[in-house]
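Breakdown of the fold
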Amino acid sequence: MRVIEVTQYGGPEVLRLTERPEPEAVAGRVRVRMHAGTVNPTDLDLRQGVLAALTPDLLIPFTVGWEIAGTVLDDAEGFTAGQRVIGLYPWLAEGTGEGTNAEVVLAAPGWLTPLPDGIDWATAATIPMNSLTARQGLDLLTAQPGGTVLITGASGGVGGFAVQIAARDGLNVIAVASAGDEDYVAGLGAKQVITRGEPLPTDVDAMFDPAVTRDLSPIRTGGRYVGVRAPALTSERDIDTTVVFSAPDSAQLAELTSLRTRVADVLPIERVAEAHTRTAAGGLRGKIVLAF
Ligand SMILES: NC(=O)c1ccc[n+]([C@@H]2O[C@H](COP(=O)([O-])OP(=O)(O)OC[C@H]3O[C@@H](n4cnc5c(N)ncnc54)[C@H](OP(=O)(O)O)[C@@H]3O)[C@@H](O)[C@H]2O)c1
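About the cut-offs
Position labels on residues start from 1 in each chain and follow its written sequence. The model is predicted, so local features are restricted to residues of pLDDT at least 70 and side-chain atom pairs to those at 80 or more, both for listing and for counting; the totals for chains, interfaces and linings are taken over all residues. Based on all heavy atoms of the structure, the side-chain values leave hydrogens and waters out of the count. For every residue, the accessible area (1.4 Å probe, protein chains only) is compared with the maximum for its type, and the residue is labelled buried under 20%, exposed over 50%, or partly exposed between those bounds. Note on conventions: DSSP H or I runs of at least 4 residues are helices, E runs of at least 2 residues are strands, and numbering of each starts at the N terminus. Two strands make a pair as long as DSSP finds a minimum of two bridges between them. The near set for a molecule or strand comprises every residue that places at least one heavy atom within 4 Å of it. Identification of polar contacts relies on pairs of N or O atoms within 3.5 Å, with a donor-acceptor requirement for protein atoms, meaning one able to donate a hydrogen and the other able to accept it, and with residues adjacent in sequence counted only if both atoms are side-chain atoms. All accessible-area figures derive from a Shrake-Rupley calculation using a 1.4 Å probe, and residue coverage is judged against the displayed protein chains alone. For this classification, the nonpolar set comprises Ala, Val, Leu, Ile, Met, Phe, Trp, Tyr, Cys and Pro, the charged set comprises Asp, Glu, Lys and Arg, and every other residue, Gly included, is treated as polar. For salt bridges, the criterion is a side-chain nitrogen of Lys or Arg within 4 Å of an Asp or Glu carboxyl oxygen. Two residues form a contact once any of their heavy atoms are found within 4.5 Å. Lining residues are defined by having an atom within 4 Å of a point belonging to a cavity or pocket. Those points lie on a 1 Å grid over the protein atoms alone, cavities being sets where a 1.4 Å probe fits but cannot get out and pockets being open sets with protein on both sides within 12 Å along at least five of seven lines. Grid points are joined across faces, edges and corners, and a volume is the space filled by probe spheres set on the points. Axes here refer to lines fitted to C-alpha atoms; in helices the fit is confined to the stretch in contact. Angles between the N-to-C directions go from 0 to 180 degrees. Centres within 6.5 Å make a pair out of two Phe, Tyr or Trp rings, where for Trp the six-membered ring is used; the pair is then stacked when the planes are under 30 degrees apart, edge-to-face when over 60, and tilted otherwise. Consider the ring centre and the ring normal. A charge sits over the ring if Lys NZ or Arg CZ is within 6 Å of that centre and within 35 degrees of that normal. When an angle is under 35 degrees it counts as roughly parallel; over 145 it counts as roughly antiparallel; between 65 and 115 it counts as roughly perpendicular; any other value is oblique. Throughout, a crossing is termed right-handed when the near helix is turned clockwise from the far one, and left-handed when it is turned anticlockwise from it by less than a right angle. Residue ranges assigned to each domain were obtained from an automatic or database domain assignment. Throughout, buried area stands for the accessible area (probe radius 1.4 Å) lost by two parts on being put together, summed over both.

With an unreviewed UniProt entry as reference, the protein is termed NADPH:quinone reductase-like Zn-dependent oxidoreductase, source organism Actinocrispum wychmicini.

See below:
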């Protein structure tokens, strides 16, 4: 099978498309033939070695990729051959360096959820990690319906899902959108959209920060902040801060498949270095998807 390897820590030039034997079926795992994979900021971090301290036993070369979108290969663990599934591969927790930028992946059944008909592969691939991060991050906010939550990076993957989920939860969402993207973000359910760079409010109950602004000033004293990157912030005011680390949850994921998401481009896996370069440059409207 074809697989994308990170051959050493570095820039996009360290990515190599190569061949490896397909994994054999093993008890407790479901083999999935991937149809589409994504490039996320975390993949860039892993490639560059930013998270190397968290993976001291990682062998190089390794494969990145957190999102699964494909067809089950065998009847196994409650799944049937040919079934369409998506899922989140917990790359750091697994620690094997065998990510989902590969044609066949071995998934634990608890990582997977059936993919409803009518969702194309590219769209499907953009759902698992960022929707689960949004759901689990908002859960950590423990905001009550009617409360006001500020969501940064609402034009991005995690932020776009967070706006929709928070609105569905009955929160008053104030979202920070990239310039030119305000109408899209309003359509996700934000009550108020602020263009990035414009002044933020100063009295929100809670803030979810996929843009990694690490700015607590919009939050009222006694409020709550959830970030997406360690370390957690400390506050001189009485603001509770924590960081979400997304984890697979098939039941939760099943509730998130109908949310809106965007595909910026679909590239063949041969063009993975270009996908990383464009993701690093920012300004995308949606994820770059790799077609297998
Ligand atoms: N902890 C976890 O479990 C977990 C899981 C998934 C992702 N993450 C992290 O979450 C973050 C977001 O991921 P993502 O996939 O949503 O990335 P993304 O799709 O690139 O979205 C980030 C968005 O934030 C915007 N942005 C950047 N700086 C901003 C600022 N100062 N104010 C407002 N908007 C700003 C970006 O705009 P431009 O592109 O125009 O700059 C982009 O639209 C990344 O750091 C990622 O590593 C964490």
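**What to know about the pairing of strand S12 (residues 204-209)**
Of all 6 residues that make up S12, 5 are buried, and the element is covered over most of its length. Relative to S12, strand S9 (residues 148-151) runs parallel, the two sharing 3 bridges. Across the sheet, the residue bridging to isoleucine 151 is phenylalanine 208, located in S12. In this sheet, strand S13 (residues 219-227) lies alongside S12 in parallel orientation, the contact comprising 5 bridges. Paired with methionine 207 across the two strands is tyrosine 225, which belongs to S13.

**Thoughts on the site of the ligand**
Around the ligand, the structure places 26 residues, and the nearest of them are Val158, Arg229, Val244, Gly283 and Lys287. Here arginine 229 contributes a side-chain N or O atom positioned 2.7 Å from an oxygen atom of the ligand. If the ligand stood free it would expose 920 Å²; the protein chains cover 79% of that surface. Mapped onto the shell around the ligand, the elements with two or more residues apiece are helix H1 (41-48), helix H4 (128-141) and helix H5 (157-168). No other element matches the 3 residues that H4 contributes to the shell around the ligand. When grouped by side-chain class, the residues that make up the shell around the ligand number 10 nonpolar, 13 polar and 3 charged.

**Regarding the pattern of salt bridges**
Scanning the entire structure with this criterion turns up 17 salt bridges. Linking glutamate 5 and arginine 16 is a salt bridge whose minimum nitrogen-to-oxygen distance equals 2.5 Å. Of this pair, glutamate 5 sits in strand S1 (residues 2-6) while arginine 16 sits in strand S2 (residues 15-19); the two residues are 11 residues apart in sequence, bridging distant segments of the chain. Classification of glutamate 5 as buried rests on a relative accessible area of 7%.

**Focus on the side chain of serine 178**
Position of serine 178 relative to the elements: it lies in the loop between strand S10 (172-177) and helix H6 (182-187). Setting aside residues no more than four positions away along its own chain, serine 178 makes contact with Ser155, Arg196 and Arg285.

**Quick word on the layout of surface pockets**
Space inside the second largest pocket adds up to approximately 290 Å³. What lines the second largest pocket is a set of 16 residues, among which Pro23, Glu98, Val104, Val105 and Leu106 lie closest to the centre. If you tally residues by element for the lining of the second largest pocket, the top one is strand S7 (residues 104-107), at 3 residues. Along the lines of polarity and charge, the residues of the lining of the second largest pocket split into 9 nonpolar, 3 polar and 4 charged.

**Concerning the sheet that holds strand S6 (residues 84-88)**
Reading across from one edge, S7-S3-S5-S6-S8 is the order of the 5 strands in this open sheet, with antiparallel pairing throughout. Looking at strand neighbours, the two that pair on one side only are S7 and strand S8 (112-114), the edges of this open sheet. Going across the sheet, the axis of each strand differs from the next one's by a mean of 40 degrees, ignoring polarity. Looking at chain direction, S6 and S8 are connected through 3 bridges and run antiparallel. Among the inter-strand pairings, valine 85 is bridged to a residue of S8, identified as proline 114.

**A short note on the packing of aromatic side chains**
Considering all chains together, one arrives at 4 aromatic pairs under this definition. Ring plane angle 70 degrees and centroid distance 5.7 Å describe the contact between phenylalanine 62 and tryptophan 91, whose orientation is recorded as edge-to-face. Residue phenylalanine 62 is found in the loop between H1 and strand S5 (67-72), and its partner tryptophan 91 is found in helix H2 (residues 91-94); the two are separated by 29 residues along the sequence. The buried category is assigned to phenylalanine 62, whose relative accessible area is 1%. For tryptophan 91, a relative accessible area of 0% gives the class buried. By way of ring pairs, the aromatic residues Tyr9, Phe62, Trp66 and Trp91 are connected into one cluster. Here the basic side chain of arginine 84 rests over the ring of tryptophan 121, its NZ or CZ set 4.8 Å away from the ring centre. The lysine or arginine in question, arginine 262, covers the ring of tyrosine 184, its NZ or CZ lying 3.7 Å from the ring centre.

**Brief notes about the packing of H4 against H5**
Interaxial distance between H4 and H5 falls to 8 Å at its minimum, and their mutual angle equals 50 degrees. With respect to H5, the element H4 is oriented oblique. Of the two possible hands of crossing, H4 and H5 adopt the one that is right-handed. On H5, the residues touching Asn130, Ser131, Thr133, Ala134, Arg135 and Leu138 of H4 are Gly157, Val158, Phe161, Ala162, Ile165 and Ala166.

**Focus: the domain arrangement of the protein**
Once the domains are mapped, the protein shows domain 1 (2-127 + 261-291) and domain 2 (130-243). Between domain 1 and domain 2, the contact holds 11 residues from the first and 11 residues from the second. Between domain 1 and domain 2, a total of about 880 Å² is buried, with carbon and sulfur atoms accounting for 36% of that surface. In terms of surface lost to domain 2, no three residues of domain 1 exceed Ile127, Arg262 and Arg285, which account for 51% of the buried area on that side. Counting the contacts that link domain 1 with domain 2 gives 3 salt bridges. Inspection of the domain 1/domain 2 interface yields 6 residue pairs in polar contact (both at pLDDT 80 or more). Partitioned by chemical class, the residues of the side of domain 1 that touches domain 2 number 3 nonpolar, 3 polar and 5 charged.

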